[in-house]
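Coordinate analysis (summary)
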Amino acid sequence: MSMDLDFAKQGFLVEAQELLIAMEDALLHLETTPDDMEAINAVFRAAHTIKGTSGIFGFDDVVTFTHVAESLLDKIRDNEIKIDIKIIEVLLKSGDHMCDLVTEVIENDGQVAEDTLAV
């Protein structure tokens, strides 16, 4: 059973990395085309999928952090917040942090170091 779970976690790591690359590509596209709703939705879907899958594995630190980014993206999707370069920069940094968190929880059996959480 443990072997299957380890395999699933490694699959999640690969999926998360692919989603974060897609998220970064969409965010870079939004620098020049901030009204592209398809790109905004792609960024949201990436964060939402990472959050959901992290929840399945019980990676609460990933869920908590990703929920904040997802909430910001919801406000952008609902036209409550206008996306601009500063928000794009925050979301790019958030994507990097999500990658660090996912990698760390998989390598350390669900645990995240305090210095990683402090970012």
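Below, the structure is looked at part by part. (Residues numbered from 1 in each chain as written. Predicted model: local features only at pLDDT ≥ 70, side-chain atom pairs only at ≥ 80, totals over all residues. Heavy atoms only, no water.)

Counting secondary structure elements, the chain contains five helices and zero strands. Reading the secondary structure of the chain in the N-to-C direction produces α-α-α-α-α. At 14 Å, the chain has a C-alpha radius of gyration in line with the 14 Å of a compact globule built from 119 residues. With respect to the principal axes defined by its C-alpha atoms, the chain has extents near 45 × 25 × 20 Å. Long-range contacts, defined as pairs at least 24 residues apart, comprise 62% of the intrachain contacts of the chain with a sequence gap of at least 6. (Helix = DSSP H or I, 4+ residues; strand = E, 2+ residues; numbered from the N terminus. Rg over C-alpha atoms; globule rule 2.2 N^0.38 Å. Contact = heavy atoms within 4.5 Å.)

Among the nonpolar cores identified, the biggest contains 32 residues, and Leu 27, Leu 30, Ile 50 and Val 102 are the most heavily contacted of them. If we skip the residues at most four places from it in the chain, Leu 27 touches Val 43, Ile 88, Leu 91 and Leu 92. (Core = buried A, V, L, I, M, F, W, Y, C linked by side-chain atoms within 4.5 Å. Buried < 20%, exposed > 50% of the residue type's maximum accessible area, 1.4 Å probe, protein only.)

This next bit is on unusual backbone geometry. Of note in this structure, Asn 79 is not a glycine but carries a positive phi near 60 degrees. Topologically, Asn 79 is positioned in the loop between α3 (60-77) and α4 (85-107).

Once that is clear, we can look at a negative patch on the surface. Residues Glu 24, Asp 25, Asp 96 and Asp 100 make up a contiguous surface patch of negative charge. Elements supplying a minimum of two residues to the negative patch: α1 (2-32) and α4. You can see Asp 96 is positioned in helix α4. (Patch = residues over 30% accessible without salt bridge, like charges linked within 9 Å, V, L, I, M, F, W, Y side chains within 5 Å. Areas by Shrake-Rupley, 256 points an atom, 1.4 Å probe, with all protein chains shown as cover. Salt bridge = Lys/Arg side-chain N within 4 Å of Asp/Glu carboxyl O. Lys, Arg positive; Asp, Glu negative; His and termini not counted. Charge placed at Lys NZ, Arg CZ, Asp CG, Glu CD.)

Per the counting criterion, the structure on display carries three aromatic pairs. An angle of 35 degrees between the planes, with centres 5.7 Å apart, marks the rings of Phe 12 and Phe 57 as tilted. Within this pair, whereas Phe 12 is found in helix α1, its partner Phe 57 is found in helix α2 (residues 37-57), the two being separated by 45 residues in sequence. What makes Phe 12 buried here is its relative accessible area of 3%. Through a chain of ring-to-ring contacts, three or more aromatic side chains come together here, namely Phe 12, Phe 57 and Phe 59. Positioned over the ring face of Phe 44 is Arg 77, at 3.9 Å from the centre of the ring. (Phe/Tyr/Trp six-rings, centres within 6.5 Å; stacked < 30°, edge-to-face > 60°. Lys NZ or Arg CZ within 6 Å of the ring centre and 35° of its normal.)

A word on the side chain of Glu 70. Structurally, Glu 70 is set in helix α3. Among all residues touching Glu 70, those that are not within four sequence positions of it are Phe 44, His 48 and Lys 51.

Attention now moves to the packing of α3 against α4. Any two packed helices are characterised by the angle at which their axes cross and by the distance between the axes. Between α3 and α4, whose axes approach to 10 Å, the crossing angle comes to 155 degrees. Here α3 lies roughly antiparallel to α4, going by the angle between them. For the crossing formed where α3 meets α4, the hand is left-handed. Contacts between α3 and α4 involve Asp 61, Val 62, Phe 65, Thr 66, Ala 69, Leu 72, Leu 73 and Ile 76 on the former and, on the latter, Ile 87, Leu 91, Ser 94, His 97, Met 98, Leu 101, Val 102 and Val 105. Considered class by class, the residues forming the contact of α3 with α4 number 12 nonpolar, three polar and one charged. (Axes fitted to C-alpha atoms, helices over the stretch in contact; angles between N-to-C directions. Parallel < 35°, antiparallel > 145°, perpendicular 65-115°, else oblique. Left-handed = near helix turned anticlockwise from the far one by under 90°. Nonpolar A, V, L, I, M, F, W, Y, C, P; charged D, E, K, R; others polar.)

Further remarks concern α2. A rise of 1.5 Å per residue sets the reference length of α2, with its 21 residues, at 30 Å; its end C-alpha atoms lie 30 Å apart and thus fit the reference within 8%. Residues Ala 39, Ile 40, Val 43, Phe 44, Ala 46, Ala 47, Ile 50, Lys 51, Thr 53 and Ser 54 constitute the buried set of α2. The backbone nitrogen of Glu 38 has a side-chain oxygen 3.0 Å away, supplied by the residue at the start of α2, namely Asp 36. Remark: Gly 58 follows α2 within two positions and exhibits a positive phi of approximately 80 degrees. (Expected span 1.5 Å × (residues − 1). Polar contact = N/O pair within 3.5 Å; in protein donor to acceptor, adjacent residues only side chain to side chain.)

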